[in-house]
Amino acid sequence: MPSSSSVILPVFCALLLLSASWAASDSIEEEFYHCVCSNTDISIPISEAFFIQNNSAFTSILESTAQNLRCLVQSRHKPELIFKPLDEFQVQAAVICARKLGIQLRVRSGGHDYEGLSYTSETKSSFFLIDLANLRSVNVSIAENSAWVQAGATLGEVY
């Protein structure tokens, strides 16, 4: 009959290896960040573009363009991460990475989401939010009789 120490040692080693592998694995938010950074040429400061729920700025960013305050009640599920891209290429990288990692994305643009569908959910499914507030330029060319408006522009900025 094996001694108790000969049985305990292999079990302890197995538990130690499992806990080390769990600690070494990145969270889905970290994987998303690294993927987006590796798919764009521009360096993205994590503190300016990526906000997780325990970040102090998360709530203010989430509520910044909310048109319907009923959507911000505790019972509505919020995004796991808010990503505020600085250019169009980062949006493209975010879509590629979300697909690669199996993450549901929602996009919030210029603020005309009165139902709150882009930034809250009634179901418990997790999602990331791409907030296009940084992509809000409006360029009008009278000579070319044209106007280019980025998706993050609000109605007031367009008029």
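Being a predicted model, the structure only gives us computed values, none of them experimental.

*Asks:* Quick rundown of the state of the cysteines? Include the residues and the values.
*Replies:* Taken as a whole and assessed by the stated rule, the structure comprises one disulfide. The partner cysteine of Cys 35 in its disulfide is Cys 97, sulfur to sulfur 2.1 Å. Because the torsion about its S-S bond is -85 degrees, the bridge between Cys 35 and Cys 97 counts as left-handed. Highlighted residues: Cys 35 in helix 2 (residues 28–38) and Cys 97 in helix 5 (residues 88–101), separated in sequence by 62 residues.

*Asks:* Describe a nonpolar patch on the surface, naming the residues involved and giving the relevant values.
*Replies:* The grouping of Val 149, Leu 155, Val 158 and Tyr 159 at the surface amounts to a nonpolar patch, some 470 Å² of accessible area in total. Counting through the fold element by element, Tyr 159 comes out in the segment after helix 6 (155–158). Exposure remark for Tyr 159: the relative accessible area of 79% places this residue in the exposed category.

Conventions and cut-offs
Residues numbered from 1 in each chain as written. Predicted model: local features only at pLDDT ≥ 70, side-chain atom pairs only at ≥ 80, totals over all residues. Heavy atoms only, no water. Disulfide = S-S within 2.5 Å. Helix = DSSP H or I, 4+ residues; strand = E, 2+ residues; numbered from the N terminus. Patch = residues over 30% accessible without salt bridge, like charges linked within 9 Å, V, L, I, M, F, W, Y side chains within 5 Å. Areas by Shrake-Rupley, 256 points an atom, 1.4 Å probe, with all protein chains shown as cover. Salt bridge = Lys/Arg side-chain N within 4 Å of Asp/Glu carboxyl O. Buried < 20%, exposed > 50% of the residue type's maximum accessible area, 1.4 Å probe, protein only.

Geometric descriptors of this kind do not, in isolation, establish any biological role.
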